[in-house]
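Overview (structure and organization)
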Amino acid sequence: MSVNLLILIQQLNLTHLMQSPPVVRHVCDSTGGEQRCFLAALVPNQRSGPSAQVLQPGGWSDSHLLLPLMQHVLGNSCRLQDGRRKLVIDVGANVGLYSLYFALRGCIVHAFEPVPVNAEALMLSSHLNKLQDRIVLHHVAVTMARTPANATEPRAKLRLRVGTHDTAVSRLHLSPCR
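Right, let's walk through the structure included here. Only a predicted model underlies this, so the values are computations on that prediction, with no experimental measurement involved. (Residues numbered from 1 in each chain as written. Predicted model: local features only at pLDDT ≥ 70, side-chain atom pairs only at ≥ 80, totals over all residues. Heavy atoms only, no water.)

This part covers the side chain of glutamate 120. As for its placement among the helices and strands, glutamate 120 is situated in helix α6 (residues 116–128). Among buried charged residues, glutamate 120 stands out as having no salt bridge; its nearest opposite-charge side chain is arginine 25, 18 Å away. A polar contact of 2.9 Å, which involves the side chain of glutamate 120, links it to the backbone nitrogen of leucine 17. (Helix = DSSP H or I, 4+ residues; strand = E, 2+ residues; numbered from the N terminus. Buried < 20%, exposed > 50% of the residue type's maximum accessible area, 1.4 Å probe, protein only. Lys, Arg positive; Asp, Glu negative; His and termini not counted. Salt bridge = Lys/Arg side-chain N within 4 Å of Asp/Glu carboxyl O. Polar contact = N/O pair within 3.5 Å; in protein donor to acceptor, adjacent residues only side chain to side chain.)

Our next topic: the nonpolar core. The biggest cluster of nonpolar side chains holds 31 residues, and the ones touching the most others in it are Leu97, Phe102, Cys107, Val109, Leu124 and Ile135. Secondary-structure elements contributing two or more residues to this core are α1 (3–11), β2 (36–42), α5 (97–104), β4 (108–112) and α6. When residues in this core are grouped by element, the largest group, five residues, is from α5. (Core = buried A, V, L, I, M, F, W, Y, C linked by side-chain atoms within 4.5 Å.)

With that settled, the discussion passes to a nonpolar patch on the surface. Side chains of Leu87, Ile89 and Val91 sit close together on the surface and give an oily, nonpolar patch of about 240 Å² of accessible area. Note that leucine 87 resides in strand β3 (residues 87–91). (Patch = residues over 30% accessible without salt bridge, like charges linked within 9 Å, V, L, I, M, F, W, Y side chains within 5 Å. Areas by Shrake-Rupley, 256 points an atom, 1.4 Å probe, with all protein chains shown as cover.)

This next bit is on the packing of aromatic side chains. Each aromatic ring pair is summarised here by two numbers: the centre-to-centre distance and the angle between the ring planes. As enumerated under the stated definition, the model contains one aromatic pair in all. For the cation-ring pair, arginine 105 lies above tyrosine 101, with the distance from its terminal atom to the ring centre recorded as 3.7 Å. (Phe/Tyr/Trp six-rings, centres within 6.5 Å; stacked < 30°, edge-to-face > 60°. Lys NZ or Arg CZ within 6 Å of the ring centre and 35° of its normal.)

Backbone geometry at asparagine 94 places phi at a positive 55°, although glycine is not the residue there. Locating asparagine 94 in the fold gives a position in the loop between β3 and α5. At lysine 130, a residue that is not glycine, the phi angle is positive and equals roughly 55°. Mapped onto the elements of the fold, lysine 130 is located in the loop between α6 and β5 (135–138).

What follows is about the pattern of salt bridges. Scanning the model with the defined rule gives one salt bridge in all. In this structure, the salt-bridge partner of arginine 84 is aspartate 82, at a minimum N-O distance of 2.9 Å. On the basis of relative accessible area, aspartate 82 is assigned to the exposed category, the value being 53%.

Quick look at the structure:
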């Protein structure tokens, strides 16, 4: 690990990555005919998931999933007709490969990741790629629940629950995109 990467990890106070140093790799994708690359901080000791996929020979190749998603949901653009950025919500972001992918294309991404080392890897990657203005990291779990955590009275039949451990909120308020 380079000295500059170690300094950035210390400046961001990424305590889990100080204990388990990440591996930084270039991840490239040619979805939509144009190749774009970004730096991804990966967690080397994970046996499955995005970190393990990228670190394997052949690397990460989810472009077959991303191209239809980009074309269908986003219309090949992360901009609305009035120029505002589209919003992508990445629930279970892991180390943030999809978050980085969409942020690099101009979307605003709200990434939700409860696992500390994965959240820190995503934060590091967003700084390495200078995308921290497009990726908002929420270090929380998101689940569907019939009532909020710690509820003493019945609520609506289905609610979005966002929280860590015993903390939860029933509504998620996101700032308008610019």
